[in-house]
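# Breakdown of the fold
Each chain is listed here by its residues.
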Amino acid sequence: MAILDIIVAPDPRLKITAKPVKEVDKSVRKLMDDLLETMHASRGIGLAAPQVGDKRRVIVVDVAGEDEEPNPIRMANPELLWASEEEGIHEEGCLSLPEQYAEVTRPAHIRVRYLDRDNEIREIEATGVLATCVQHEMDHLEGVLFVDHISALKRRMILRKLQKAKKQAALENA
Ligand SMILES: [Zn+2]
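Below is a short write-up of the structure. Every chain's residues receive numbers from 1 upward, in the order its sequence appears when written. In view of the model being predicted, local features appear only for residues whose pLDDT reaches at least 70, and side-chain atom pairs are presented and counted only at 80 or more, with totals across whole chains, interfaces and linings using the full set of residues. In computing side-chain properties, one takes all heavy atoms of the structure into account and sets aside hydrogens as well as water.

### Here's the deal with the overall build of the chain
So the rule is basically this: Note on conventions: DSSP H or I runs of at least 4 residues are helices, E runs of at least 2 residues are strands, and numbering of each starts at the N terminus. For the radius of gyration, the atom set is restricted to C-alpha positions; the globular benchmark scales as 2.2 Å times the number of residues to the power 0.38. Here's how the labels work: a residue is buried when its accessible area is under 20% of the maximum for its type, exposed when over 50%, partly exposed in between, all with a 1.4 Å probe on protein chains only. Note on contacts: a residue pair qualifies if any of its non-hydrogen atoms lie within 4.5 Å across the two residues. All accessible areas in this document rest on Shrake-Rupley with a 1.4 Å probe, and a residue is counted as covered only by the protein chains that are shown. None of His or the chain ends enter the tally, which takes Lys and Arg as positive and Asp and Glu as negative. Charge positions are represented by NZ for Lys, CZ for Arg, CG for Asp and CD for Glu.
Along the backbone of the chain there are three helices and seven strands. Ordering the α and β elements of the chain from the N terminus gives α-β-β-β-β-β-β-β-α-α. Compactness check: the chain gives a C-alpha radius of gyration of 16 Å against a globular reference of 16 Å for 174 residues, within 12% of the reference. Structurally, the chain occupies a C-alpha span of about 45 × 40 × 35 Å along its principal axes. Across the 174 residues in the chain, those meeting the buried criterion constitute 41%. Across the chain, every contact between residues at least 6 apart in sequence was considered, and the portion connecting residues at least 24 apart equals 65%. As presented, the chain carries roughly 9,900 Å² of accessible surface, and 49% of it is formed by carbon and sulfur atoms. Of the side chains in the chain, 25 bear a positive and 31 a negative charge, and the two mean positions are spaced by 9 Å.

Pasting the structure below:
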């Protein structure tokens, strides 16, 4: 396994539409495992392939708390089968938008179909933080970030802050 570099917004590579995998083969399994290792190393609860510059429809999530047993879920080609009309509001962050948080409204309850690490078709129902996290990661496969769900004003503020931090880091490394 390997820890990969996470792309920080704003970056055009975070705006792509990812491509379905034909099957979960050795190479997709490696991507899944690398994403999980990268996510855990950054103490994240979800990570999507485009965040490490990979164009395949692969995401991983693990919303287990620090004192709980890890509960990693690896998904390829996740597909939303159903979403509740009831909505939930959660504060979201993103490893590609470090230290930025905002409340996002999404369906509270979803059902998703995907291919697991063994290339088996699976379905899960998710509520609460897991539902939010899976929708957030699936958004990444469409080039959508959590800031795209909030007001344009707040979005611009966050992206400007990140852009400034990037410039600062570039200067310091020059
Ligand atoms: Zn994210």
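Anyway, onward from the coordinates.
### Overview of the layout of surface pockets
Sizing a probe to match a water molecule and rolling it over the atoms shows the empty space that remains. Formally: Put plainly, a pocket is an open set of points on a 1 Å grid over the protein atoms alone with protein on both sides within 12 Å along at least five of seven lines, a cavity is a set where a 1.4 Å probe fits but cannot get out, and a lining residue has an atom within 4 Å of a point. Grid points are joined across faces, edges and corners, and a volume is the space filled by probe spheres set on the points. As a working rule, the residues Ala, Val, Leu, Ile, Met, Phe, Trp, Tyr, Cys and Pro are called nonpolar, Asp, Glu, Lys and Arg charged, and the rest polar, with Gly in that last group.
Volume-wise, the largest pocket comes out at about 440 Å³. If you go around the largest pocket, you meet 23 residues; those closest to its centre are I45, E92, G93, C94 and Y101. Within the residue set of the lining of the largest pocket, elements represented by two or more residues are strand 4 (87–92) and helix 2 (128–140). With six residues, helix 2 is the single largest residue contributor to the lining of the largest pocket. Per-class residue counts for the lining of the largest pocket are eight nonpolar, ten polar and five charged. Taken as a whole, the second largest pocket holds about 300 Å³ of empty space. What lines the second largest pocket is simply H40, R43, G44, I45, D62, A64, G65, E66, E68 and P70. By residue class, the composition of the lining of the second largest pocket is three nonpolar, three polar and four charged.

### Points about the coordination of the zinc ion
To be explicit about the condition: Coordinating N, O and S atoms are those within 2.8 Å of the metal (3.2 Å for Na, K and Ca), and as water is not part of the atoms, a site may appear to have fewer donors than expected.
Each protein donor to the zinc ion is listed here as C94 (SG), H136 (NE2) and H140 (NE2); together their distances run 2.0 to 2.2 Å. When the donors of the zinc ion are listed by position in the chain, the intervening gaps give C-x41-H-x3-H. Here C94 is found in the loop between strand 4 and strand 5 (102–107), whereas its partner H136 is found in helix 2, with 42 residues between them in sequence.

### What to know about the environment of R113
The following threshold applies: The definition of a polar contact used here is a pair of N or O atoms within 3.5 Å, where within protein one atom must be able to donate a hydrogen and the other to accept one, and adjacent residues in sequence count solely through side-chain atom pairs.
Following the sequence through the fold, R113 ends up in strand 6 (residues 109–115). What makes R113 partly exposed here is its relative accessible area of 32%. Taking the C-alpha atoms as reference points, R113 and M75, 38 residues apart in sequence, are found 8.8 Å from one another. When neighbours within four sequence positions are excluded, R113 is seen to be in contact with N77, P78, E79, L81, I121, R122 and E123. Here E123 takes part through its side chain, which lies 3.5 Å from a polar atom of the side chain of R113.

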